[in-house]
Amino acid sequence: DKGNYRHFMEKEIYEQPEVVSHTLANYLDFANSKVKEFSLPFDFAKLDRLYVSACGTAYLAGLVGKYWIERYARLPVDIDIASEFRYRELPITKNSAALFISQSGETADTLASLRYCRSEGLPIGAIVNVRESTIARESDAVFPTLAGPEIGVASTKAFTCQLSVLAALAVRAAVARGTVDAAQEAQLVRELSEAPGLAHQVLKLASQIERLARDLSQYKHVLYLGRDTNFPLAMEGALKLKEISYIHAEGYAAGELKHGPIALIDEKMPVIVIAPHDRIFEKTVSNMQEVAARGGKIILITDAKGAAESTVDTLATIVVPDVPEIISPIIYALPIQLLAYYTAVFIGTDVDQPRNLAKSVTVE
Ligand code: M6R
């Protein structure tokens, strides 16, 4: 039931403060500012490597997870697209484990990758939304996302719930490996507890984003740029836009701009830059200057400090509240989902059932 919403996708975008809150609470003890002692199929302290594999949006969640787990827990993470992982005959490191991410728990390539790791004797964890799925059944431990049923083909709330689980796992790994102390653990858990409230605030930007979507719907090509965890988000923004609006979009690491995509820049291809005011903000500003100097139109998604300090003229600036670094990907996911959603609505596509796509890809 869509309730008062026009599409399931819209409803699912708006459910995020609540489902992210439920999901985080499953893994984090907010009262004591600690990560919970949920069961794990391996000991994070003894791992030398974690293999993560998934498809589509779940893969992009995993890519954010890699940045987090490596940053907070100093544990090397190998991340692959499942259709590559299953055939590339990689050498498996000793003392490693595997983690799969899937909303449906039925994606053929992800399941095949899981079975490959099983045959190699790896302990297996899975982040899934559908508890009774094949991937859940075949894993040693399931880390559920409590997103509830996701109907829209474009994944939204499953993505931010996957990020929530990955953030909790990163903190758990960091505690186990001694790379954060009790005070830092408490700080990270407190910061994560702010995610639902901040997500709720970001949803209030919907009417500004809807106006902007009217402009965006006039273009044929869009480029998304971001650095660090905003690089996977740039790819997620592009994936969301292309799958529901059919506008050609690409997501790139901002630093890659001058290695090729800058050749595409002109007034006909807007560039969406996802750049909170973080320690590498200045680097992204210089990428925006390169875009502006070539007549490119910029849509900047940033915070108040980023908006004040960016020296570049933009077509529009979406100002998101200040957020702690660890929850930034969860919060910045919302404006890019809303932008894709409203753009598709203006174009008039079938938002919940885009052409050629299935909700669950159970064949290769
Ligand atoms: O069910 P899964 O999470 O395994 O599905 C993976 C992808 O097929 C899925 O995320 C797809 O990319 C979405 N349509 C993206 O919005």
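As annotated in an unreviewed UniProt entry, the protein chain carries the name Glutamine--fructose-6-phosphate aminotransferase [isomerizing] and comes from Aquamicrobium zhengzhouense. Under the heading Function (unreviewed entry), UniProt records this for the protein chain: "Catalyzes the first step in hexosamine metabolism, converting fructose-6P into glucosamine-6P using glutamine as a nitrogen source." On record in UniProt, under Catalytic activity (unreviewed entry), the comment for the protein chain is "D-fructose 6-phosphate + L-glutamine = D-glucosamine 6-phosphate + L-glutamate".

Participant: Give me the lowdown on the site of the ligand, citing residues and values where you can.
Facilitator: Surveying the vicinity of the ligand reveals 13 residues, the closest of which are Ser102, Gln103, Ser104, Thr107 and Glu243. Measuring from an oxygen atom of the ligand, one finds a backbone N or O atom of serine 155 at 2.8 Å. Note that an oxygen atom of the ligand is positioned 2.9 Å from one of the side-chain N or O atoms of lysine 240. In the complex, 91% of the free accessible area of the ligand, which totals 420 Å², lies under the protein chains. Among the elements that take part in the shell around the ligand, helix α3 (residues 56-73) stands out by supplying 3 residues, more than any other.

Participant: Which residues make up the packing of aromatic side chains, and what are the values?
Facilitator: Enumeration according to the criterion identifies 7 aromatic pairs in this entry. Considering the side-chain rings of phenylalanine 42 and phenylalanine 44, the 5.0 Å spacing of their centres and the 75° angle between planes classify their relative orientation as edge-to-face. For phenylalanine 44, a relative accessible area of 3% corresponds to the buried category. Among the aromatic residues, those joined into a ring-pair cluster are Tyr27, Phe38 and Phe143. Arginine 172 extends its terminal NZ or CZ atom over the ring of phenylalanine 38, reaching a point 4.7 Å from the ring centre. A cation over a ring is seen here: arginine 355 above tyrosine 246, with NZ or CZ 3.8 Å from the ring centre.

Participant: Tell me about the pattern of salt bridges, residues and numbers included.
Facilitator: For the coordinates displayed, the defined rule picks out 18 salt bridges. For lysine 157, the salt bridge goes to glutamate 15, with nearest N and O atoms at 2.6 Å. Taken together, the residues span a long stretch of sequence, with lysine 157 in helix α7 (residues 157-177) and glutamate 15 in the loop between α1 (8-14) and α2 (16-27) at a distance of 142 residues. There is no split in this pair, since lysine 157 and glutamate 15 are both buried. Lysine 240 is the partner of glutamate 236 in a salt bridge, and the nearest nitrogen-oxygen pair spans 2.7 Å. Here the residue glutamate 236 and the residue lysine 240 both occupy positions in helix α11 (residues 230-245), the gap between them amounting to 4 residues, near one helical turn. Note on accessibility: glutamate 236 and lysine 240 belong to one class, buried.

Participant: Explain the nonpolar core residue by residue, including any values.
Facilitator: One recurring pattern in soluble globular proteins: nonpolar side chains tend to sit buried together. Membership of the largest hydrophobic core comes to 95 residues, with the highest contact counts inside it found for Leu50, Trp68, Phe143, Tyr224, Ile326 and Ile331. Membership of the second largest hydrophobic core comes to 17 residues, among which are Leu223, Leu225, Val285 and Val312.

Participant: Please set out the confidence of the model for the protein chain residue by residue, giving values where relevant.
Facilitator: When pLDDT is averaged along the protein chain, the result is 96; 100% of the residues meet or exceed 70. Interface confidence for the predicted complex, expressed as ipTM, amounts to 0.99; the pTM equals 0.98.

Participant: A description of the pairing of strand β10 (residues 271-274) should follow, citing residues and the corresponding values.
Facilitator: Here β10 shows two buried faces, one formed by Val271 and Val273 and the other by Ile272 and Ile274. Direction of pairing for strand β8 (residues 221-226) relative to β10: parallel, over a ladder of 4 bridges. Its bridge partner lying in β10, leucine 225 is registered against valine 273. Note: β10 against strand β11 (residues 298-302), 4 bridges, orientation parallel. Paired with valine 273 across the strands is leucine 300, a residue of β11. You can see the chain leave β10, run along helix α12 (residues 281-293) and come back into β11, and the turn it takes is right-handed.

Participant: I'd love a proper account of the sheet that holds strand β4 (residues 77-81), names of residues and values included.
Facilitator: On the basis of which strands lie adjacent, the open sheet formed by 5 strands has the order β4-β3-β5-β6-β7 and parallel pairing. Every other strand in the sheet has two partners, leaving β4 and β7 (141-144) as the edge strands with one partner each. Going across the sheet, the axis of each strand differs from the next one's by a mean of 20°, ignoring polarity. Those strands touched by α3 are β3 (49-54), β4 and β5 (96-102), and its axis lies near 170° from that of β4. Taken strand by strand, α7 contacts β5, β6 (124-128) and β7, and its axis lies near 160° from that of β5.

Participant: Before we move on, can you summarise the pairing of β8 with the specific residues and values?
Facilitator: When you tally the buried positions in β8, you get 5 out of 6 residues, the bulk of the element. Note that β8 and strand β9 (residues 248-253) share 6 bridges and pair parallel. Bridged to glycine 226 within β9 is alanine 253. Handedness of the crossover joining β8 and β9 through α11: right-handed.

Reading guide: rules and limits
Residues numbered from 1 in each chain as written. Predicted model: local features only at pLDDT ≥ 70, side-chain atom pairs only at ≥ 80, totals over all residues. Heavy atoms only, no water. UniProt positions renumbered as here; feature names shortened; annotations may be inferred. Near = heavy atom within 4 Å. Polar contact = N/O pair within 3.5 Å; in protein donor to acceptor, adjacent residues only side chain to side chain. Areas by Shrake-Rupley, 256 points an atom, 1.4 Å probe, with all protein chains shown as cover. Helix = DSSP H or I, 4+ residues; strand = E, 2+ residues; numbered from the N terminus. Phe/Tyr/Trp six-rings, centres within 6.5 Å; stacked < 30°, edge-to-face > 60°. Buried < 20%, exposed > 50% of the residue type's maximum accessible area, 1.4 Å probe, protein only. Lys NZ or Arg CZ within 6 Å of the ring centre and 35° of its normal. Salt bridge = Lys/Arg side-chain N within 4 Å of Asp/Glu carboxyl O. Core = buried A, V, L, I, M, F, W, Y, C linked by side-chain atoms within 4.5 Å. pLDDT = per-residue confidence, 0-100. Pairing = 2+ DSSP bridges. Right-handed = clockwise from strand over helix to strand, strands pointing away. Axes fitted to C-alpha atoms, helices over the stretch in contact; angles between N-to-C directions. Contact = heavy atoms within 4.5 Å.

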